[in-house]
Amino acid sequence: MYIEGAIIRGNIISDRTVQISEKSVIIGELRAEAAFIAGAVKGNIDITNSVILDSTAKVLGDINCKLVQINNGAILEGKCSQTYSEITPSAFFENY
């Protein structure tokens, strides 16, 4: 799904990749397999695989994902957790 130059008020749910262009604004939750965000999102983001915040991204909300890439210039106000990762930091540190 590619969102170009749109303002969307409502949740976006996809079982594939969602791409949000630099001129798009999403006010609602985003749930997908993967996401490339260059625009603005106000709401929580739940991505089962990878999320990329481009340098123009503005996110107000928490991100849950497996893999994350935050490019220089991206703005994130919220928590980012790799909840879908195969290994968690708490499991890694159990032996120490």
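In the block above lies the structure referred to throughout.
Bear in mind the structure is a predicted one, so any value in this text is a computation, not a measurement. All residue numbers here refer to positions counted from 1 along the written sequence of the relevant chain. Since the coordinates come from a predicted model, pLDDT governs what is reported: local features require at least 70, and pairs of side-chain atoms require 80 or more to be given and counted, while whole-chain, interface and lining totals use all residues. Think of the side-chain values as coming from all heavy atoms in the structure, minus any hydrogens and water.

(A) Summary view of the packing of aromatic side chains. Working definition: rings of Phe, Tyr and Trp (its six-membered ring) pair if their centres are within 6.5 Å, and the pair is stacked with planes under 30 degrees apart, edge-to-face with planes over 60 apart, and tilted otherwise. Taken as a whole and assessed by the stated rule, the structure comprises 3 aromatic pairs. Relative to Phe93, the ring of Phe92 has its centre 4.9 Å away and its plane inclined at 90°; by these criteria the two rings are edge-to-face. Each residue is assigned to one of three classes by its accessible area relative to the maximum for its type, calculated with a 1.4 Å probe on protein chains only: buried under 20%, partly exposed between the two thresholds, exposed over 50%. Classification of Phe92 by relative accessible area gives partly exposed; the value is 42%. Judged by relative accessible area, Phe93 falls into the exposed class, the value being 53%. A connected cluster of aromatic rings, assembled from ring pairs, spans Phe92, Phe93 and Tyr96.

(B) Quick look at the pattern of salt bridges. By definition, a salt bridge exists where a carboxyl oxygen of Asp or Glu is found within 4 Å of a side-chain nitrogen of Lys or Arg. Scanning the model with the defined rule gives 2 salt bridges in all. Glu29 is paired through a salt bridge with Arg31; the nearest N and O atoms lie 4.0 Å apart. Residue Glu29 is classed as partly exposed on the basis of its relative accessible area, which comes to 33%. Between Glu86 and Lys66 there is a salt bridge, with the nearest N and O atoms lying 2.9 Å from each other.

(C) Structural detail: the sheet that holds strand β7 (residues 34–37). Strands qualify as paired when DSSP identifies two bridges or more between them. Runs of E in the DSSP output that reach at least two residues are strands. Runs of H or I that reach at least four are helices, and both are numbered from the N terminus. With parallel pairing, 5 strands are arranged side by side in an open sheet as β1-β4-β7-β10-β13. Because the sheet does not close on itself, it has two edges, and the strands there are β1 (2–3) and β13 (67–70).

(D) Representation of the sheet that holds strand β5 (residues 25–27) in the model. Ordered by their spatial adjacency, 5 strands build an open sheet running β2-β5-β8-β11-β14, and the pairing between neighbours is parallel. Strands with a single pairing partner mark the edges of an open sheet, and in this sheet they are β2 (7–9) and β14 (75–77). The sheet shows a mean angle of 5° between the axes of neighbouring strands, taken without regard to direction. Bridging between β2 and β5 involves 3 bridges; their strand directions are parallel. When the sheet's bridge partners are listed, Ile7 is paired in β5 with Val25. To get an axis, a line is fitted to the C-alpha atoms, and for a helix only the part in contact is used. The angle between two axes follows their N-to-C directions and goes from 0 to 180 degrees.

(E) Region of interest: the nonpolar core. Core analysis: the largest hydrophobic core is formed by 18 residues, its most contacted members being Ile20, Leu30, Ile37, Ile45, Ile47 and Val51. Taken together, the elements giving at least two residues each to this core come down to β4 (17–20), β6 (30–32), β7, β9 (45–47) and β10 (50–53). If we skip the residues at most four places from it in the chain, Ile20 touches Ile3, Ile26, Leu30, Phe36, Ile37, Ala38, Gly39 and Val41. Buried Ala, Val, Leu, Ile, Met, Phe, Trp, Tyr and Cys residues that are joined via side-chain atoms within 4.5 Å together make up what is termed a nonpolar core. Residues are treated as being in contact if the distance between any of their heavy atoms lies within 4.5 Å.

Read these as layout, nothing more, since geometry by itself doesn't imply function.
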